Amino acid sequence: MTLYEFDLSKGEIVIGVDEAGRGPLAGNVVAAAAILKKYSSDLDDINDSKKLTEKKREKLFDVIMENFYIGVGEATPEEIDEINILNATFLAMRRALENLKKQCSTNHLVLVDGNFKIREYEGEQEFVIKGDAKSLSIAAASIIAKVTRDREMIEEGKKYPEYKFEKHKGYGTKLHKEKLLELGVLPIHRKSFLNKIIK
């Protein structure tokens, strides 16, 4: 079954939702919601964002923006620290769906990547484990979320060049941890994620 056929098996119109950035030590968690406008074979390259190169994701970003209605939502490091990363992820997903609603009707089945439904979301939804490798709309959302977040972290790298955010995108790499210990914590760091690094 192709990713498009999977979506069709769930209904004529579905909304795919996915996030990027649950694991990093810095930056927002970003979610995207996607509804396909019209299918064409140009979309067959769309797959789980983790399986694609950065260059390929950037290229597909424009294809997706042309062929899908897209909503993006984010939750900040402050919100992550306040309500925890899982609740902040759900908050970002609800915001993505709200932003999608500004472009088109969202009274459709929501397919959420992972093994949780979106808390406090009123509409019909199903979770799909490894959904970004099964559903076209989830895969599209995963690419939009990932590229959006990566671009934000590249901008943070320009603001704080010594931290090299453009290289590690805020993830807890050896380089990032070394810079944290050497230079200290920034406003974009998730303080609740740093307990084991900064004693």
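Check the entry above for the structure.
This section reports on the structure supplied with the text. The shown structure was predicted, so the numbers you read here are calculated from the model rather than taken from an experiment. (Residues numbered from 1 in each chain as written. Predicted model: local features only at pLDDT ≥ 70, side-chain atom pairs only at ≥ 80, totals over all residues. Heavy atoms only, no water.)

### Quick look at a negative patch on the surface
Together, Asp42, Asp44, Asp62 and Glu66 line one region of the surface with negative charge. Considering the arrangement of structural elements, one finds Asp42 in the loop between strand 2 (29–36) and helix 2 (54–67). (Patch = residues over 30% accessible without salt bridge, like charges linked within 9 Å, V, L, I, M, F, W, Y side chains within 5 Å. Areas by Shrake-Rupley, 256 points an atom, 1.4 Å probe, with all protein chains shown as cover. Salt bridge = Lys/Arg side-chain N within 4 Å of Asp/Glu carboxyl O. Lys, Arg positive; Asp, Glu negative; His and termini not counted. Charge placed at Lys NZ, Arg CZ, Asp CG, Glu CD. Helix = DSSP H or I, 4+ residues; strand = E, 2+ residues; numbered from the N terminus.)

### What about the nonpolar core?
With 23 residues, the main nonpolar core has Ile15, Val17, Leu97, Val110 and Ile118 as its most contacted residues. Of all the elements in the fold, those that place two or more residues in this core are strand 1 (14–20), strand 2, helix 4 (85–101) and strand 4 (109–113). Tallying contributions element by element places helix 4 first for this core, with ten residues. Residues within four places of Val17 in sequence aside, it is in contact with Ala32, Ala33, Met93, Leu97, Val110, Leu111, Val112, Asp113, Ile118, Ile138 and Ala141. (Core = buried A, V, L, I, M, F, W, Y, C linked by side-chain atoms within 4.5 Å. Buried < 20%, exposed > 50% of the residue type's maximum accessible area, 1.4 Å probe, protein only. Contact = heavy atoms within 4.5 Å.)

### Structural notes on the layout of surface pockets
In this structure, the largest pocket encloses a volume near 370 Å³. Along the wall of the largest pocket there are 21 residues; nearest its centre are Asp18, Glu19, Ala20, Lys50 and Asp113. Breaking the lining of the largest pocket down by element, the ones donating at least two residues are strand 1, helix 4, strand 4 and helix 5 (136–159). Here the element with the most residues in the lining of the largest pocket is helix 4; it accounts for four residues. Tallied by class, residues from the lining of the largest pocket come to seven nonpolar, six polar and eight charged. Size it by volume and the second largest pocket reaches roughly 210 Å³. What lines the second largest pocket is a set of 14 residues, and nearest its centre among them are Tyr4, Glu12, Ile13, Leu36 and Lys37. Contributions of two or more residues to the lining of the second largest pocket are made by helix 1 (3–10) and strand 2. The element best represented in the lining of the second largest pocket is helix 1, accounting for three residues. (1 Å grid on protein atoms, 1.4 Å probe; cavity = no way out; pocket = protein on both sides within 12 Å on 5 of 7 lines; lining within 4 Å. Points joined across faces, edges and corners; volume = space filled by probe spheres on them. Nonpolar A, V, L, I, M, F, W, Y, C, P; charged D, E, K, R; others polar.)

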